[in-house]
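Listed here are the chains, written in short residue letters.
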Amino acid sequence: MNRILFVFLFFALGAPAFAQRESLGIFSFWGAFRDSGRCYAVAQPFQSPRPEGWQPFAAVDYRPGDGVRGQLHVRLSREKRAGSAVLLRIDGRSFQLVAGARDAWAPDARADIEIRTAMRTGIDMVVETRSTRGALVRDHYRLRGAATAIDAAAIACAPRRR
């Protein structure tokens, strides 16, 4: 079942770059991939409101050419209401994210490190905000496999030593 979800997510996240995308592995609920210039660990929520024309996901990105190492990126299942906060909760720890209408990120590199650390030992992750209609939106993720997928992405995009 998880492989079916990742095949769908694989195509939903960038079908035009399909020829360049390489699977680094599927690890329980998370997958790791490499494409031109970046590597990432990614998962779909196991529970969320019905998406509005796009596929929600949580990802940890590595883009060595841009100096990005382990940046959290969340695509929300619903467009968020202007001015609404986006909260990420991992087993009782809360983090406030910065967000656009559909996407959210950690506010800085230090928060990315704290979030990745929590993801490594956590069981569940919830991303919460209010939709444009004012409804509470909660996207639920399982974290089993996240640490291994994050490590696979980090290793695949690690600077090469000569």
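Residues numbered from 1 in each chain as written. Predicted model: local features only at pLDDT ≥ 70, side-chain atom pairs only at ≥ 80, totals over all residues. Heavy atoms only, no water.

Q: Honestly, the packing of aromatic side chains in this entry has me stumped. Any pointers?
A: Describing an aromatic ring pair means giving the distance of the ring centres and the angle of the ring planes. Applying the stated criterion to the full structure yields one aromatic pair. Where Phe33 meets Tyr40, the ring centres are 5.8 Å apart and the plane angle is 35 degrees; that geometry is what we call tilted. This pair shows no difference in class: Phe33 is buried, exactly as Tyr40 is. (Phe/Tyr/Trp six-rings, centres within 6.5 Å; stacked < 30°, edge-to-face > 60°. Buried < 20%, exposed > 50% of the residue type's maximum accessible area, 1.4 Å probe, protein only.)

Q: Just checking my understanding: could you explain helix α2 (residues 109-121) for this structure?
A: Across its 13 residues, α2 extends 19 Å between first and last C-alpha, which sits within 8% of the 18 Å expected from 1.5 Å per residue. Residues of α2 that are buried include every one of Ala111, Asp112, Ile115, Arg116, Ala118 and Met119, and no others. With its buried residues spanning 165 degrees around the axis, α2 presents them on a single face. When the buried face of α2 is taken as reference, the exposed residues oriented beyond 90 degrees from it are Ala109, Arg110 and Thr121. Backbone nitrogen of Arg110 and a side-chain oxygen of the N-cap are separated by 3.2 Å at the start of α2; the cap is Asp108. (Helix = DSSP H or I, 4+ residues; strand = E, 2+ residues; numbered from the N terminus. Expected span 1.5 Å × (residues − 1). Arc of directions from axis to C-beta. Polar contact = N/O pair within 3.5 Å; in protein donor to acceptor, adjacent residues only side chain to side chain.)

Q: Explanation requested: unusual backbone geometry in the structure shown.
A: Trans peptide bonds make up the majority, and among non-glycine residues the majority have a negative phi. With a phi close to 55 degrees, Ser28 is a non-glycine residue in the positive phi region. Of note, Asp91 is a non-glycine position whose phi angle comes to about 45 degrees, a positive value. The exposure class of Asp91 is partly exposed, given its relative accessible area of 44%.

Q: Can you walk me through the side chain of His73 in this structure?
A: Among the structural elements, His73 can be located in strand β5 (residues 68-75). The exposure class assigned to His73 is buried, which follows from its relative accessible area of 14%. Within the local environment of His73, its side chain forms a polar contact with the side chain of Asp103, the two groups lying 2.9 Å apart. Here His73 is in contact with Phe57, Ala58, Ala59, Asp61, Asp103, Ala104 and Trp105, once residues within four sequence places are set aside. (Contact = heavy atoms within 4.5 Å.)

Q: Even after reading the chapter, I still don't get the nonpolar core, so can you show me in this structure?
A: Note that soluble globular proteins tend to have their nonpolar side chains buried in a common cluster. By size, the foremost hydrophobic cluster in this structure holds 34 residues, and its most contacted members are Trp30, Val74, Leu88, Ile90, Ile115, Met119 and Met125. The biggest single contributor to this core is helix α3 (residues 146-156), with seven residues. If we skip the residues at most four places from it in the chain, Leu88 touches Leu72, Arg93, Ser94, Phe95, Leu97, Ile115, Met125, Val126 and Val127. Grouped together as the second largest cluster of nonpolar side chains are five residues, Tyr40, Val42, Phe57 and Ala59 included. (Core = buried A, V, L, I, M, F, W, Y, C linked by side-chain atoms within 4.5 Å.)

In short, shape yes, function no, at least from these values alone.
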